[in-house]
Amino acid sequence: SSTTPILTVENLVAGYDKLQVLQEVSLEVRQGELVAVIGANGAGKTTLLKNIAQLLRPQSGRVLFRDRDLRKLAPQKLSSKGIVLIPEGRQVFKELTTIDNLRLGAFYRRDSKIETDIDAMFDRFPALKVLQNQQAGLLSGGEQQMLAIARGLMARPQIVLLDEPSLGLAPQLVASLYETLASLCDEGISILLVDQMAQLALSVAHRLYVLETGKIIQAGTPEELSRDSRIIDSYLGNL
Ligand code: ATP
């Protein structure tokens, strides 16, 4: 992957009213990189993604996408600029069919390749092809998570912000999900994901950040982090 960051978070301070959650968080993601932020419940992972996606506005600090300050951008413009947030909890449109969910993911696109991309998405997620005319609310949890990711990809993002993709999924599904994410990065997409499943993040991420009560306390490659006894004790205890 190239060395210039596609996403740069600089000294981000953010929270809710008087509650300060993130304290001077800095990180970067390069093109084609899979970067994971791991941390316990309440560490501030979701808050971080929402501030990057401008759904919440930071108290201070900057979020740069290809050197552009995202503060100047309305959140609904994000996907047309190449940034997609896939929130926690499989937020698909439950009343709509699988294929209509995918079409909605391409809502802001103006090109004529949308149906072609839907076919490509069905190749990548064969289970969704079988279920294309099924109401999304009737899909299983894992299928809905796949659909949420596929719908996000329909925007043709350059970077995907992914909140707890493994939540509630069977371990086997999580493993195949992570393989899919790694293959997206091979195609040049960047992914910033937050997850509590440190072991899996450690096996596929190019680099990781450890977020503890709103602070990045450690960063490095999987090799570097898996040599750190403090990280092993706190986050990989059940290995
Ligand atoms: P989890 O893994 O449990 O989802 P997290 O690392 O994503 O946790 P956040 O959801 O970012 O953590 O929450 C960080 C802190 O901010 C927590 O103390 C939480 O209670 C608080 N918080 C989150 N959302 C709000 C909100 N809307 N208003 C006030 N406080 C909030």
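Structure first, text after, so check above.
Everything in this summary refers to the structure shown in the same document.

Each value, and the rule that gives it
- Each chain has its residues counted from 1, running along the sequence as written.
- pLDDT decides what is reported in this predicted model: residues at 70 or higher carry local features, side-chain atom pairs at 80 or more are listed and counted, and totals for whole chains, interfaces and linings draw on all residues regardless.
- The side-chain values count all of the structure's non-hydrogen atoms but skip hydrogen atoms and water molecules.
- Numbered from the N terminus, helices here are DSSP runs of H or I no shorter than four residues, and strands are runs of E no shorter than two.
- Using a 1.4 Å probe on the protein chains alone, a residue whose accessible area is under 20% of its type maximum counts as buried, one over 50% counts as exposed, and one in between counts as partly exposed.
- In this analysis, axes come from line fits to C-alpha atoms, helices being fitted only over the stretch in contact, and the angle between any two N-to-C directions falls in the range 0 to 180 degrees.
- Here the word oblique covers every angle except those under 35 degrees (roughly parallel), over 145 (roughly antiparallel) and from 65 to 115 (roughly perpendicular).
- In a left-handed crossing the near helix is turned counterclockwise from the far helix by less than a right angle, and in a right-handed crossing that turn is clockwise.
- The criterion used for residue contact is that any of the two residues' heavy atoms lie within 4.5 Å.
- Here a salt bridge means any side-chain nitrogen of Lys or Arg lying within 4 Å of a carboxyl oxygen belonging to Asp or Glu.
- A patch consists of residues exposed above 30% relative accessible area that lack any salt bridge, with like charges linked at up to 9 Å and nonpolar side chains (Val, Leu, Ile, Met, Phe, Trp, Tyr) linked at up to 5 Å.
- The method behind every accessible area is Shrake-Rupley, applied with a 1.4 Å probe, and residues are considered shielded solely by the protein chains displayed.
- In this count, Lys and Arg are taken as positive residues and Asp and Glu as negative ones, while His and the chain termini are left out.
- For charged residues, the charge sits on one atom: NZ in Lys, CZ in Arg, CG in Asp, CD in Glu.
- Residues are counted as near a molecule or strand when any one of their heavy atoms sits within 4 Å of it.
- Whenever two N or O atoms come within 3.5 Å, that pair is a polar contact, provided that in protein one can donate a hydrogen and the other can accept it, and provided that, for residues adjacent in sequence, both atoms are side-chain atoms.
- Any residue that is not Ala, Val, Leu, Ile, Met, Phe, Trp, Tyr, Cys, Pro, Asp, Glu, Lys or Arg is counted as polar, Gly included; the first ten are nonpolar and the last four charged.
- The definitions used throughout rest on a 1 Å grid laid over the protein atoms alone, on which a cavity is an enclosed set of points accommodating a 1.4 Å probe that cannot get out and a pocket is an open set flanked by protein within 12 Å on both sides along at least five of seven lines; lining residues are those having an atom within 4 Å of a point.
- Grid points are joined across faces, edges and corners, and a volume is the space filled by probe spheres set on the points.

**Some points on the environment of Asn-133**
- For Asn-133, the position within the fold is in the loop between α5 (126-130) and α6 (141-153).
- Classification of Asn-133 as exposed rests on a relative accessible area of 60%.
- For the pair Asn-133 and Leu-96, spaced 37 residues apart in sequence, the C-alpha separation works out to 8.9 Å.

**Details of the packing of helix α3 (residues 98-105) against helix α4 (residues 114-124)**
- It is the contact of α3 with α4, at a shortest axis distance of 10 Å, that shows an interaxial angle of 125°. In terms of their interaxial angle, α3 and α4 are classed as oblique. As α3 packs across α4, the resulting crossing turns out to be right-handed. Of α4, the residues touching α3 (which contributes Ile-99, Leu-102 and Arg-103) are Glu-115, Ile-118, Met-121 and Phe-122.

**Examining the pattern of salt bridges**
- All told, the structure shown has 13 salt bridges when counted by the stated rule.
- The shortest N-O distance in the salt bridge between Glu-212 and Arg-230 comes to 2.9 Å. With Glu-212 in strand β9 (residues 207-212) and Arg-230 in helix α10 (residues 229-235), this pair connects stretches of sequence that are 18 residues apart.
- Connected via shared salt-bridge partners are Glu-28, Arg-30, Glu-33 and Arg-207.

**Concerning a positive patch on the surface**
- On the surface, a cluster of positive charge is made up of Arg-68, Lys-72, Lys-77 and Lys-81.
- Assignment of secondary structure puts Lys-81 in helix α2 (residues 78-81).

**Here's the deal with the site of the ligand**
- Contacts to the ligand come from 14 residues, most closely from Asn-41, Gly-42, Lys-45, Thr-46 and Thr-47.
- The contact in question runs from an oxygen atom of the ligand to an N or O atom on the backbone of Gly-44, over 2.9 Å.
- Protein contacts shield 59% of the accessible area of the ligand, which totals 630 Å² for the unbound molecule.
- Elements with a contribution of two residues or more to the shell around the ligand: β2 (19-30) and α1 (45-52).
- Per-element accounting of the shell around the ligand gives the leading share, 3 residues, to α1.
- Partitioning the shell around the ligand into residue classes produces 5 nonpolar, 6 polar and 3 charged.

**Remarks on the layout of surface pockets**
- Computed from the structure, the largest pocket encloses a volume of approximately 530 Å³.
- Lining the largest pocket are 21 residues, and of these Ser-79, Val-84, Leu-85, Tyr-108 and Arg-151 lie nearest its centre.
- Contributions of two or more residues to the lining of the largest pocket are made by α2, β6 (83-86), α3 and α6.
- Residue contributions to the lining of the largest pocket peak at 4 residues, all from β6.
- Residues belonging to the lining of the largest pocket are distributed by class as follows: 15 nonpolar, 5 polar and 1 charged.
- Estimates place the volume of the second largest pocket at around 230 Å³.
- Taken together, Asp-117, Ala-120, Met-121, Arg-124, Leu-153, Arg-156, Pro-157, Leu-184, Glu-187 and Ile-189 form the lining of the second largest pocket.
- Here the element with the most residues in the lining of the second largest pocket is α4; it accounts for 4 residues.
- Residue composition of the lining of the second largest pocket, by class: 6 nonpolar, no polar and 4 charged.

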